[in-house]
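Now for the letters of each chain:
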Amino acid sequence: MDKRDTSEMVQKGLVRYRQERDWFNFLNGLLAQDPSEESQLSKSITEITVDRYDQIIRCAEEGKPFIAGYFCAAPEIYAAMDLPWYMIMQTPFLAASAPYLLEDIDACERMGLGTDWCTACRLSLYYIEAGLSPPPTAVIGLLHPCDAATVLHQAVVRNKLWRDIPMFCTDPPYFEDERGIGYFANELRRMAAFLEEHTGHKLDIDRLREVCQESNKQYELWIEYSQLRRAVPCPHGWGIGGGQCFAITQVFETGNPRGTQWLRELVANAEKRVREKRGSIPKERIRYFWFDLLPFGWVFEFLPWLETEWGAVMVMEMFGYTPYSPIDTRNEDTMFKGLAKRNLYESPMVRQARGIADYFATDIARVVKDYKIDCVIWPGHMGHKDGAASIGIMKEVCQQLKVPYIHIGLDLFDKRYTTPDECKDKVSKFFSTMGLG
Amino acid sequence: MVTEIGSGILRKFTEATETLVNTELRDWRAQGGKVVGCYCSYVPEEVITAAGFVPFRMRGTGSTGTDLADTCMGSINCSFARHSLDMGLSGRYGFLDGVVWTTSCDHVRRIYDHWRRKIDTPYLRLLSLPKKTTEPQVEWYREEIAMFKETLEKHFGVEITDERLWKAIRLHNEIRGLQRQLYELRRGKSPPITGAETLAVMVAGTAMPREYYGQLLRELLQELSLSDGHPDYRARLMLVGGILDDPAYIGVIEEQGGLVVTDSLCFGSRLMWTDVDEGVSDPVMALARYYIADRPHCPRMFGEQQRRSAFVRNMIREFQVDGVIAERLVFCDYWTGEQFMLGEDLKEEGIPYLKLDREYVQSGVGQLRTRVQAFLETMGR
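Residues numbered from 1 in each chain as written. Chains lettered and ligands numbered in written order. Predicted model: local features only at pLDDT ≥ 70, side-chain atom pairs only at ≥ 80, totals over all residues.

Engineer: Please give an account of the environment of A:Lys426 that cites residues and values.
Structural biologist: Tracing the sequence through the fold places A:Lys426 in helix α18 (residues 420–433). With 212 residues separating them in the primary sequence, A:Lys426 and A:Glu214 have C-alpha atoms 44 Å apart. (Helix = DSSP H or I, 4+ residues; strand = E, 2+ residues; numbered from the N terminus.)

Printed below as a string of structure tokens:
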């Protein structure tokens, strides 16, 4: 491909990316109008998000190295190598509330991508096939937690525009044991060597130690924050909390003091609210555990309704759950093993979906007990086949805990799959039948 | 289309696909022989054979519903997983002494989770199958196979020596060779056996005691070599897809005049197109290398798409294929992606291509007929 082609490819790839950046700027403007401490915390996150978009746009325009990577593929290493990165699945994960999402889903259907394939994955492939993702210097792909992710990255490798971009995927072992940790640590070493080879950036072990130490502080603060959410009433609802902690620690500010400071402010805000016994809504009547990603594509049409109509507060969700342990930074080996453990067995969704189904059971049991949960909602995203195949186990653990359980069956990104009204009806009947609220 | 062979030997193979426990397997059990179920073609069956047992490929043959499995799994799980789990839950797999899985896909790996909680089969093992095919993964799978062998030895009180393992590898390679000969016969203008019958032969090879199967297959090859074949068809087709074990599905395609002359299927050519290397010193390493690096792969394996596509394109040339039908079970992500990628590759080469979705237990026969008829017509056949 000659230089002019590359430049056109970059400019086209940035069109949608700029739109997303502008969407976050717009949200930022809305949040600026609300002086509450919580809105200002959210505003800081959107500013951080915009900064990341700008950074990638600059790299692409100036021909500087940047990569496509994942939260569960050791972002600590990218941070230590000073490599700007974005996710191929960024739009469905971060910008699914953008106004063009449904049009894009229709476009990927027209492209012939199977409709029972996870919408997040097929959307991401559509963006690449349509040339709407900025082509990075190198790609870190993903072979876990689900089949759909593996397929997506195989299709990315095949894509005409991307096939010359080098890709490395870490191979995930299935069981959680020392052998698996050692194997995955070696996969991460190979990933770091791959990045060094293709980006020219070097991994300095002392710098990795600094990043891991700072990220350990971030996780400590996140765990502290999670514990505050055990309070009755819960200090925060669905709008702020775990999702942003995840974005800070695993996406935007991994091992960066700016992120640590944001987490401190979040903890301080939650502490104050707990002391004042101030909940996220005036009267908390139902405490629920939402065991998945949030319905990003239509979040504003459903979750606020649960609060206002039913006094139902999302006390915990999959991405806010904090099973993390600190990384031992004594030496290179302990760090890579710590990163392997964190990224394979602790990071959200990967933890539950990648390995045996026991994680579904143990996480429900832990969260229900620790967070005084009144009911468990398994949203049943159409792409989460391993989760669907675990519903019997989830139901059984809820029965043992004597906590009501509901499986909705929806698409987290496409509200036409099961409409918000249908979801509301289903959840209302569930709450009424179970005598909740 | 039916192949007429005087001895009726073909009927033995089709019977083995139409029932779960075929006559020979029943006799084997009656004589005290053990049978171990395998949930994926990446389970190294040779280890089970070396233990003196019959490896039996798990199916849902004869299942009429999924009521019990539906209490465990959701409606977005594939019908193969639900039917075969249902048969386990209803006790129809009570003849198994053990079941072995690999971490093959999101649906099948969860069958293991339910099986170990709800079904009382004495020996269960799940192998962590890599998703890449390079050296570190070969080594990882070598360890997995070695641990599998150890647990099998310990549980059943048998010793699987290198000698026994090599003997089993030789037997399985021999069967692969015979199956390749069967495919070779289909290259000609008048293939002596239909696609549906070939699938029956292949499925039977995963359900019968292997030495007996090999003997039967030799006899079949001899009879087929004398047969006139099927000269009367509208088009030569290749079938590509996952776990298709029902010859009746191919039968519907062939009723429309499209003769399936080759395939890339879980129960088809991908099982036997290459052999385990018998020229290395460690049989466990030989198996690991075969399953991870050498054999034709399914879409689960990353980094292999080009090789998979080349495998299909070579088959098209070698078997003079006029068009390709890709089938997949609804909700299978791997085959969704593969259908898309292969379709793009074949489009570039101008090869007629039809994508079909199906349920594990055959339904919608009329729809299938219409799709295939239309496909043949668009090919000008």
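Engineer: Any details on the interface of chain B and chain A? Residues and values, ideally.
Structural biologist: With 33 residues of chain B at the contact, the number on the chain A side is 35 residues. Put simply, the parts of the chain that give the side of chain B that touches chain A at least two residues each are α5 (108–118), α6 (135–156) and α13 (333–348) of chain B. Across the side of chain B that touches chain A, the residue classes break down as 15 nonpolar, 11 polar and 7 charged. (Contact = placed C-beta atoms within 7 Å. Nonpolar A, V, L, I, M, F, W, Y, C, P; charged D, E, K, R; others polar.)

Engineer: Residue-level account of the sheet that holds strand β1 (residues 67–68) of chain A, with values.
Structural biologist: Residue and element names in this part refer to chain A. An order of β2-β1-β3-β4 is seen for the 4 strands of this open sheet, with the pairing classed as parallel. Of all the strands in the sheet, just β2 (85–86) and β4 (167–170) have a single pairing partner and so form its edges. Pairing of strand β3 (residues 138–142) with β4, which is carried by 4 bridges, proceeds in the parallel orientation. Counted as the bridge partner of Val 139 is Met 167 from β4. Sheet contacts for helix α7 (residues 147–158): β3 and β4; angle to β3, the most-contacted strand, approximately 150°. (Pairing = 2+ DSSP bridges. Axes fitted to C-alpha atoms, helices over the stretch in contact; angles between N-to-C directions.)

Engineer: Any chance you could break down the sheet that holds strand β6 (residues 258–264) of chain B for me, citing the residues and the numbers?
Structural biologist: Residue and element names in this part refer to chain B. Sheet architecture is open: 4 strands sit in the order β6-β5-β7-β8, paired in parallel fashion. This sheet does not close on itself; its edge strands, each paired only once, are β6 and β8 (353–358). Across the sheet, the mean angle from the axis of one strand to that of its neighbour is 30°, orientation sign disregarded. Relative to β6, strand β5 (residues 235–241) runs parallel, the two being bridged by 6 bridges. Counterpart to Met 238 in the pairing with β6 is Thr 262. Across the sheet, helix α10 (residues 247–255) is in contact with β5, β6, β7 (323–329) and β8; its angle to β6 comes to roughly 140°.

Engineer: Describe in detail unusual backbone geometry, supporting the description with residues and values.
Structural biologist: Residues and elements named next belong to chain A. Of the consecutive residues His 144 and Pro 145, the connecting peptide bond is found in the cis state with omega at 10°. The omega torsion across Val 232 and Pro 233 is 0°, close enough to zero to call that bond cis. Tracing the sequence through the fold places Pro 233 in the loop between α9 (205–228) and α10 (242–252). A positive phi angle, close to 55°, is found at Asp 82, a residue other than glycine. With respect to the secondary-structure elements, Asp 82 resides in the loop between α3 (75–80) and β2.

Engineer: Describe the pairing of β6(B), naming the residues involved and giving the relevant values.
Structural biologist: The side chains of a regular strand alternate between the sheet's two faces. In terms of burial, β6(B) is largely enclosed, as 7 of its 7 residues are buried. In the classification by handedness, the crossover that spans β5(B), the intervening α10(B) and the parallel β6(B) is right-handed. (Buried ≥ 20, exposed ≤ 12 C-beta atoms within 10 Å, placed from the backbone. Right-handed = clockwise from strand over helix to strand, strands pointing away.)

Engineer: Which residues make up the packing of helix α1 (residues 9–18) of chain B against helix α9 (residues 210–225) of chain B, and what values go with them?
Structural biologist: Residues and elements named next belong to chain B. Taken N-terminus to C-terminus, the directions of α1 and α9 make an angle of 135°; their axes are 9 Å apart at the nearest point. Taken together, the axes of α1 and α9 lie oblique to each other. Regarding α1 and α9, the two cross each other, and that crossing is left-handed. Between α1 and α9, the residues in contact are Ile 9, Leu 10 and Lys 12 and Leu 216, Glu 219, Leu 220 and Glu 223, respectively. (Parallel < 35°, antiparallel > 145°, perpendicular 65-115°, else oblique. Left-handed = near helix turned anticlockwise from the far one by under 90°.)

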